[in-house]
Amino acid sequence: MRILYQFPTWLQRCYPNVLWRKDSTRKIVYLTFDDGPIEGVTTEILAILRRYDVKATFFCVGDNIRKHPDIFELILSEGHSVGNHTYHHLPGWQTPAKAYIDDVRSTDELMSNYGVSPRLFRPPYGRMSLSQKHQIAATHKIVLWDVLTHDYNPRYTPQKILDIVRRYTRNGSVINFHDSVKSEKNVISALPECIKWLMSEGYSFDKL
Ligand SMILES: [Zn+2]
């Protein structure tokens, strides 16, 4: 099976209501981290971002915010953006629309306790039904990615993650990493190297 690191531009254009990539005329990239907050992974990523003075976007799982409220507050206090990634990391295609929307709203409510009203949503596994998409798009910007690092793949090495970033990043790329236990080994080692390479190529960083 062919592994996809980047959907072709023509395919991205078929989904105009979804954000894949931002302004292609400017040398800016957007680092994103899904599935946290997780003790030891998110906290380490925050330390790396702090070291390089980089702002990023975290698509958080509600149940992980419940377990690690202090780390969620740290993400916010360090000036990063947050988005909704459902409460239970639900697979859209296997979940009835109402249950899915309720789960998304639960994370909105939880975040509102921290003074955040998330504008951004990323579906787990990058998939949801048309009905789910339609309902969520009424209140959130749906964000996918331009570069998928596959940092969660146990067969991949940090060097492979860096190679993917070097090969596929372009102006305006939204780059997908994970602050999850599965990704820990790859993301913690690869992230500083990716940031250093992006800086050496003249990219600056912004949050969504
Ligand atoms: Zn996820």
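Figured I'd write up the structure that's included with this text. Please read all numbers here as calculations on a predicted model, not as lab measurements. (Residues numbered from 1 in each chain as written. Predicted model: local features only at pLDDT ≥ 70, side-chain atom pairs only at ≥ 80, totals over all residues. Heavy atoms only, no water.)

## Some words on the environment of Gln132
Consideration 1: Within the element layout of this structure, Gln132 appears in helix 6 (residues 130-137).
Consideration 2: Relative accessible area serves as the criterion here: at 1%, Gln132 is assigned to the buried category.
Consideration 3: Along the backbone, Gln132 and Phe177 are 45 residues apart, and their C-alpha atoms lie at a distance of 24 Å.
Consideration 4: Not counting the four nearest positions on each side in its chain, Gln132 is found in contact with Gly92, Thr95, Pro96, Ala97, Tyr100 and Ile101. (Helix = DSSP H or I, 4+ residues; strand = E, 2+ residues; numbered from the N terminus. Buried < 20%, exposed > 50% of the residue type's maximum accessible area, 1.4 Å probe, protein only. Contact = heavy atoms within 4.5 Å.)

## Points about unusual backbone geometry
Consideration 1: Residue Pro37 is reached from Gly36 by a cis peptide bond, and omega for that bond is 0°.
Consideration 2: On the secondary structure map, Pro37 appears in the loop between strand 2 (28-34) and helix 2 (42-51).
Consideration 3: Of note, the phi angle at Thr86 is positive, near 70°, even though the residue is not glycine.
Consideration 4: Following the sequence through the fold, Thr86 ends up in the loop between strand 4 (81-84) and helix 5 (97-112).
Consideration 5: Of note, the phi angle at His89 is positive, near 55°, even though the residue is not glycine.
Consideration 6: On the secondary structure map, His89 appears in the loop between strand 4 and helix 5.

## Digging into the pairing of strand 4
Consideration 1: Along strand 4, one buried face is formed by Ser81 and Gly83 and the opposite face, lined by Val82 and Asn84, is buried too.
Consideration 2: When strand 3 (residues 57-60) meets strand 4, the two strands line up parallel, connected through four bridges. Residue Cys60 lies in a different strand from strand 4, and its bridge partner there is Asn84. (Pairing = 2+ DSSP bridges.)

## So, the packing of helix 5 against helix 6
Consideration 1: Across the interface, helix 5 lies against helix 6 with an axial gap of 9 Å and an inter-helix angle of 35°. Read as a crossing pair, helix 5 and helix 6 show a hand that is right-handed. Between helix 5, through Ala97, Tyr100, Ile101, Val104 and Arg105, and helix 6, the contact on the second element is made entirely by Ser131, Gln132, Gln135 and Ile136.
Consideration 2: Taken together, the residues of the contact of helix 5 with helix 6 break down into five nonpolar, three polar and one charged. (Axes fitted to C-alpha atoms, helices over the stretch in contact; angles between N-to-C directions. Left-handed = near helix turned anticlockwise from the far one by under 90°. Nonpolar A, V, L, I, M, F, W, Y, C, P; charged D, E, K, R; others polar.)

## Remarks on helix 2
Every α-helix winds through 3.6 residues per turn, so residues three or four apart in the chain are directed the same way.
Consideration 1: Inspection of helix 2 places Thr42, Ile45, Leu46, Ile48 and Leu49 among the buried residues, and these make up the whole buried set. Looking down the long axis of helix 2, one finds its buried residues gathered within 160° of arc, a one-sided arrangement.
Consideration 2: Against strand 2, strand 3, helix 4 (69-77), strand 8 (174-178) and helix 8 (184-200) lie the buried residues of helix 2.
Consideration 3: Backbone geometry just after helix 2 places Asp53 at a positive phi near 55°. (Arc of directions from axis to C-beta.)

## Overview of the environment of Asp34
Consideration 1: Positionally, Asp34 belongs in strand 2.
Consideration 2: Of the residues examined, Asp34 reaches a relative accessible area of 3% and is grouped as buried.
Consideration 3: Here the alpha-carbon distance between Asp34 and Ala56, two residues 22 residues apart in the chain, equals 11 Å.
Consideration 4: With residues near it in sequence (within four places) discarded, Asp34 still touches Phe59, His85, Arg122, Asn176, Phe177, His178, Asp179 and Ser180.
Consideration 5: Within the local environment of Asp34, its side chain forms a polar contact with the side chain of Arg122, the two groups lying 2.7 Å apart.
Consideration 6: At a separation of 3.1 Å, a polar atom in the side chain of Asp34 contacts the side chain of Asn176. (Polar contact = N/O pair within 3.5 Å; in protein donor to acceptor, adjacent residues only side chain to side chain.)

## What to know about the packing of aromatic side chains
Consideration 1: Following the criterion strictly, the structure yields six aromatic pairs and no others.
Consideration 2: Taken together, a centroid distance of 5.0 Å and an interplanar angle of 75° make the contact between Phe72 and Tyr114 edge-to-face. One end of the pair, Phe72, is in helix 4; the other, Tyr114, is in the loop between helix 5 and strand 5 (120-121), with 42 residues separating them in the sequence.
Consideration 3: Summarising the aromatic geometry, the rings of Tyr100 and Phe121 are spaced 6.3 Å apart at their centres and angled 80° between planes, so their arrangement reads as edge-to-face. Of this pair, Tyr100 sits in helix 5 while Phe121 sits in strand 5, and the two are 21 residues apart along the sequence. (Phe/Tyr/Trp six-rings, centres within 6.5 Å; stacked < 30°, edge-to-face > 60°.)

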